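# Fold and contact review
These are the residues of each chain, in order.
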Amino acid sequence: MSSPSQPKTQKQINLLRGWPHASLLPTAAITNAAQTALTNPSISTPGLLYGPDAGYEPLREEIASWLSGFNSGSAAASTPVSGPADPDRICITGGASQNLACVLQVYSDPGYTRVWMVAPCYFLACRIFADSGLKMAAVGEGKDGVDLEGLEKKLQEAEGIERKKLKTPKPWSKTYRNIIYCVPTFSNPSGKTMTLPCRKSLVQLARKYDALIITDDVYDFLQWPTTATSSIPASNKTTALLPRLVDVDRTLDPIPSQDGFGNTVSNGSFSKIAGPGTRTGWAEASPKFTYGLSQCGSSRSGGAPSQLTATIVCELLRSGELGRHIEGVLVPAYQRRYGALMDAIQRWLVPLGVTVGEVSSEGGIFGGFFVWVEMPAGVDSGVVARRAKEREGLVVAPGSMFEVEGDDSVKFDRGVRLCFAWVEEEELAEGVERLGRVVREITEEGVTGRVDEGELGVDLGEFR
Ligand SMILES: Cc1ncc(COP(=O)(O)O)c(C=O)c1O
């Protein structure tokens, strides 16, 4: 039977694209910041010249004190976590993606470094690792954010494999034996948040196995209570949900003294809070690590990435406009959108046997851009995604997209990632209703088999 195509009048709904809706961009605030930066020669002149290796110094200072405030307490863990603001720990980047590539250029070696991706993983990170010639293996999230037991077993097994460095060592860097990549808070794609005990154990594991943990901490600022009874206390409103792994590594005793590089780097970004087009972010790590990162060949040649935008983002932070945008616009909008999506999931999907991923939302707090749902047993999410696109004009991200390239041991046949940030708010419920129709049809027809993301005909690079 040929599949009925999407009715011509039906508008496509895209729950795959992980971009902020246009109404959530702080255009007016960025205009003001740019005006300030460009009309003051003490800002515009350095802004238009090559930047220092580690990036525009005033922005490093602004970010250091802003992060130190945000990470000084913890909404869920009530632990003081971060140390004092220290610009030497901060390096300006061209965003989390660009910086991941630089971290790998400086701190990995394809003949020596093994990479462990916590999966389901941010799918576009895989290519960045592959571009550096690195082989990846998957480790599940488990209940707490990383399957620590599984990871340690794999780390131990890999110790037995012979490794040979291919790159010439540089005095400002080191070559880690292992790299662990994860998104510990409001993960893309699962929405999951790694628990505090798991964070501590992961740092200890990294110290034991000479591993660098690279965390994409790009959603940390976007958090809200999920129920009327769970609320972020007013005094804690602008504090992080949990200590980042980089904070744990900074404070968890005994701190190893051997080389001063540490075992974590936090990859931060203005993409989700100001706009992806800013192409500006920051890395935080030990001062020694940060210095080494700033010596990446592309920064030595071209100066720090995003130099001009860094001056504008600096004004955006300094004026308090970014903080007001996050609290006054983004958080309320994402909270509403999340609520609308969850209501629709309860109404249209749960009765069909679809479950919502376990997110360990600490203290009833959720955040980020994504909700992960699991299809009923026997229903392949690739089949669902293909039919949703063909028959319902609905684009969703099937679980296979978030598997780790080259490692078939961890599969996500039934998972679907739904993004509530991009579409019109009113389209969220409609999108989920369409998904419900597809799941119902497939269940009733007993359709079996598997469709991989490669067969879906969507350009993944466009979606993030
Ligand atoms: C986990 C994660 N890392 C990195 C990125 C990309 O960040 P940037 O725009 O700063 O390169 C995204 C965007 O979706 C993301 O979800």
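Here the structure is a predicted model, which is why all the values come from computation and not from measurement. (Residues numbered from 1 in each chain as written. Predicted model: local features only at pLDDT ≥ 70, side-chain atom pairs only at ≥ 80, totals over all residues. Heavy atoms only, no water.)

## Observations concerning the side chain of Asn188
For Asn188, the position within the fold is in the loop between strand S5 (178-182) and helix H7 (196-208). Among the polar contacts made by the side chain of Asn188, one reaches the side chain of Arg417 at a distance of 2.7 Å. Non-local contacts of Asn188, meaning those with residues more than four positions away in its chain, are made with Cys121, Tyr122, Val183, Tyr219, Phe370, Phe402 and Arg417. (Helix = DSSP H or I, 4+ residues; strand = E, 2+ residues; numbered from the N terminus. Polar contact = N/O pair within 3.5 Å; in protein donor to acceptor, adjacent residues only side chain to side chain. Contact = heavy atoms within 4.5 Å.)

## Side note on the pairing of strand S15 (residues 415-419)
Counted residue by residue, S15 has five buried out of five residues, so it is predominantly covered. Residues Gly415, Arg417 and Cys419 line one face of S15 and the alternating positions Val416 and Leu418 line the opposite face, and both faces are buried. Bridge count for strand S12 (residues 370-374) against S15 is five bridges, and the pairing is antiparallel. Among the inter-strand pairings, Glu374 is bridged to a residue of S15, identified as Gly415. The pairing of strand S14 (residues 397-398) with S15 spans two bridges and is antiparallel. Residue Ala397 lies in a different strand from S15, and its bridge partner there is Arg417. (Buried < 20%, exposed > 50% of the residue type's maximum accessible area, 1.4 Å probe, protein only. Pairing = 2+ DSSP bridges.)

## With respect to the pattern of salt bridges
Where charged atoms from two side chains of opposite charge come close, those side chains can pair. Counted under the stated rule, the structure contains 24 salt bridges. Here Lys174 ties to Asp210 by a salt bridge, and the two come within 2.9 Å at their closest N and O atoms. Taken together, the positions of Lys174 in the loop between helix H6 (148-159) and S5 and Asp210 in the loop between H7 and strand S6 (211-216) put the pair 36 residues apart, joining distant regions of the chain. Since its relative accessible area comes to 22%, Asp210 is described here as partly exposed. Residue Lys411 pairs with Asp408 through a salt bridge whose shortest N-O separation is 3.7 Å. Each of Arg89, Arg244, Asp247 and Glu284 takes part in salt bridges that share partners, so that together they form one network. (Salt bridge = Lys/Arg side-chain N within 4 Å of Asp/Glu carboxyl O.)

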